[in-house]
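Each chain, letter by letter, is given below.
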Amino acid sequence: MALITFSSPEYKDKTVYAVAGSFTETVLKIAKTNKIPIQFSCGDGECGTCVVKVTQLGDKAPMGYHLEEKEKTVLLELGKITKSEMEDMIVNDLPSKWRLACQFIPRDEDVFVEY
Ligand code: FES
(Lines give C-alpha, C1' and ligand atoms only; values in the text may rest on other atoms or scores of the structure.)
Protein backbone atom coordinates (compact mmCIF):
# COMPACT_ATOMS: atom_id res chain seq x y z
CA MET A 1 0.00 0.00 0.00
CA ALA A 2 1.34 3.39 -0.95
CA LEU A 3 0.62 6.69 0.68
CA ILE A 4 0.33 9.36 -1.98
CA THR A 5 0.48 12.97 -0.99
CA PHE A 6 -0.90 15.37 -3.60
CA SER A 7 0.20 18.96 -3.45
CA SER A 8 -0.59 22.07 -5.47
CA PRO A 9 0.20 25.72 -4.73
CA GLU A 10 -3.07 26.78 -6.41
CA TYR A 11 -5.44 25.37 -3.81
CA LYS A 12 -6.11 26.28 -0.22
CA ASP A 13 -5.78 22.71 0.94
CA LYS A 14 -2.41 22.18 -0.60
CA THR A 15 -1.90 18.60 0.42
CA VAL A 16 -4.32 15.70 0.25
CA TYR A 17 -3.54 12.17 1.29
CA ALA A 18 -4.71 9.21 -0.70
CA VAL A 19 -4.00 5.53 -0.39
CA ALA A 20 -3.48 3.49 -3.50
CA GLY A 21 -6.31 1.00 -3.75
CA SER A 22 -4.68 -1.44 -6.12
CA PHE A 23 -1.65 -1.96 -8.27
CA THR A 24 -3.63 -1.15 -11.40
CA GLU A 25 -4.89 2.34 -10.58
CA THR A 26 -3.01 5.25 -12.05
CA VAL A 27 -2.23 8.36 -10.04
CA LEU A 28 -4.72 10.21 -12.25
CA LYS A 29 -7.48 7.74 -11.40
CA ILE A 30 -6.65 7.96 -7.69
CA ALA A 31 -6.68 11.76 -7.96
CA LYS A 32 -10.09 11.76 -9.67
CA THR A 33 -11.48 9.37 -7.06
CA ASN A 34 -10.30 11.75 -4.36
CA LYS A 35 -11.47 14.91 -6.18
CA ILE A 36 -7.93 16.18 -6.67
CA PRO A 37 -7.95 18.47 -9.73
CA ILE A 38 -4.96 17.25 -11.71
CA GLN A 39 -5.36 18.59 -15.24
CA PHE A 40 -5.62 16.00 -17.98
CA SER A 41 -6.78 15.70 -21.56
CA CYS A 42 -6.12 12.48 -23.48
CA GLY A 43 -5.83 10.15 -20.48
CA ASP A 44 -3.58 7.96 -22.60
CA GLY A 45 -0.02 9.21 -22.25
CA GLU A 46 -0.04 11.24 -25.47
CA CYS A 47 -0.58 14.91 -24.62
CA GLY A 48 1.50 15.60 -21.49
CA THR A 49 -1.23 17.68 -19.83
CA CYS A 50 -1.15 15.52 -16.70
CA VAL A 51 2.59 15.82 -16.04
CA VAL A 52 3.41 15.78 -12.31
CA LYS A 53 6.59 16.01 -10.26
CA VAL A 54 7.14 12.95 -8.10
CA THR A 55 9.32 12.70 -5.01
CA GLN A 56 9.91 9.37 -3.30
CA LEU A 57 9.33 9.48 0.45
CA GLY A 58 10.40 7.14 3.21
CA ASP A 59 13.50 5.18 4.05
CA LYS A 60 13.39 2.62 1.26
CA ALA A 61 15.94 2.95 -1.50
CA PRO A 62 14.16 4.41 -4.52
CA MET A 63 13.34 1.90 -7.23
CA GLY A 64 12.89 2.57 -10.90
CA TYR A 65 9.50 2.38 -12.56
CA HIS A 66 8.96 1.01 -16.01
CA LEU A 67 8.09 3.86 -18.36
CA GLU A 68 6.36 3.04 -21.63
CA GLU A 69 7.93 4.48 -24.76
CA LYS A 70 5.13 7.00 -25.25
CA GLU A 71 5.64 8.37 -21.73
CA LYS A 72 9.38 8.66 -22.30
CA THR A 73 8.73 10.47 -25.58
CA VAL A 74 6.31 12.96 -24.02
CA LEU A 75 8.60 13.69 -21.04
CA LEU A 76 11.50 14.29 -23.44
CA GLU A 77 9.34 16.52 -25.68
CA LEU A 78 8.18 18.53 -22.67
CA GLY A 79 11.83 19.04 -21.68
CA LYS A 80 11.22 17.55 -18.24
CA ILE A 81 13.91 14.93 -18.69
CA THR A 82 17.02 14.97 -20.86
CA LYS A 83 18.16 11.98 -22.87
CA SER A 84 21.15 11.48 -20.57
CA GLU A 85 18.91 11.62 -17.48
CA MET A 86 16.65 9.05 -19.12
CA GLU A 87 19.59 6.74 -19.85
CA ASP A 88 20.86 7.17 -16.28
CA MET A 89 17.43 6.23 -14.90
CA ILE A 90 17.28 3.11 -17.04
CA VAL A 91 20.86 1.95 -16.39
CA ASN A 92 20.72 2.59 -12.63
CA ASP A 93 17.07 1.60 -12.08
CA LEU A 94 16.12 5.02 -10.75
CA PRO A 95 12.66 6.57 -10.63
CA SER A 96 11.80 9.54 -12.82
CA LYS A 97 11.08 12.75 -10.94
CA TRP A 98 8.55 13.63 -13.65
CA ARG A 99 5.69 11.34 -14.59
CA LEU A 100 2.45 11.43 -16.49
CA ALA A 101 -0.28 10.95 -13.90
CA CYS A 102 -2.34 8.95 -16.39
CA GLN A 103 0.51 6.45 -16.82
CA PHE A 104 1.97 6.33 -13.32
CA ILE A 105 0.84 3.30 -11.30
CA PRO A 106 2.24 3.64 -7.78
CA ARG A 107 3.78 0.68 -6.01
CA ASP A 108 4.60 0.09 -2.36
CA GLU A 109 6.40 3.38 -1.99
CA ASP A 110 5.15 6.58 -0.46
CA VAL A 111 5.32 9.40 -2.96
CA PHE A 112 4.78 13.15 -2.99
CA VAL A 113 3.03 14.28 -6.16
CA GLU A 114 3.14 17.94 -7.17
CA TYR A 115 0.66 19.01 -9.83
FE1 FES B 1 -2.60 13.14 -21.79
FE2 FES B 1 -1.87 12.10 -19.39
S3 FES B 1 -3.71 13.09 -19.92
S4 FES B 1 -0.68 12.36 -21.18
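Residues numbered from 1 in each chain as written. Predicted model: local features only at pLDDT ≥ 70, side-chain atom pairs only at ≥ 80, totals over all residues. Heavy atoms only, no water.

For the protein chain, the name recorded in an unreviewed UniProt entry is (2Fe-2S)-binding protein, with Thiothrix litoralis as its organism.

For helix α2 (residues 69–77), the full list of buried residues reads E71, K72, V74 and L75. For α2, the buried positions fall inside an angular range of 165 degrees around the axis, keeping them on one side. Those residues of α2 that are exposed and angled more than 90 degrees off the buried face are E69 and E77. Where the residues of α2 are buried, they touch β3 (51–57), α3 (83–91) and β4 (98–100). (Buried < 20%, exposed > 50% of the residue type's maximum accessible area, 1.4 Å probe, protein only. Helix = DSSP H or I, 4+ residues; strand = E, 2+ residues; numbered from the N terminus. Arc of directions from axis to C-beta. Contact = heavy atoms within 4.5 Å.)

The next subject is the pairing of β3. Working note: regular strand, side chains alternate between the two faces of the sheet. In this sheet, β4 lies alongside β3 in antiparallel orientation, the contact comprising three bridges. Of the residues in β4, the one forming a bridge with V51 is L100. With five bridges joining them, β3 and strand β5 (residues 110–114) adopt antiparallel strand pairing. Directly across from T55, in β5, lies its bridge partner F112. (Pairing = 2+ DSSP bridges.)

To continue, consider the packing of aromatic side chains. Scanning all chains against the criterion turns up one aromatic pair. Between the aromatic rings of Y65 and F104, the centroid separation amounts to 5.1 Å while the plane-to-plane angle is 85 degrees, which identifies the pairing as edge-to-face. Placement of the pair is Y65 in the loop between β3 and α2 and F104 in the loop between β4 and β5, with a sequence separation of 39 residues. Relative accessible area serves as the criterion here: at 13%, Y65 is assigned to the buried category. When the ring centre of F40 is taken as origin, the NZ or CZ atom of K32, which lies over that ring, is 4.2 Å away. For the cation-ring pair, K80 lies above W98, with the distance from its terminal atom to the ring centre recorded as 4.1 Å. (Phe/Tyr/Trp six-rings, centres within 6.5 Å; stacked < 30°, edge-to-face > 60°. Lys NZ or Arg CZ within 6 Å of the ring centre and 35° of its normal.)

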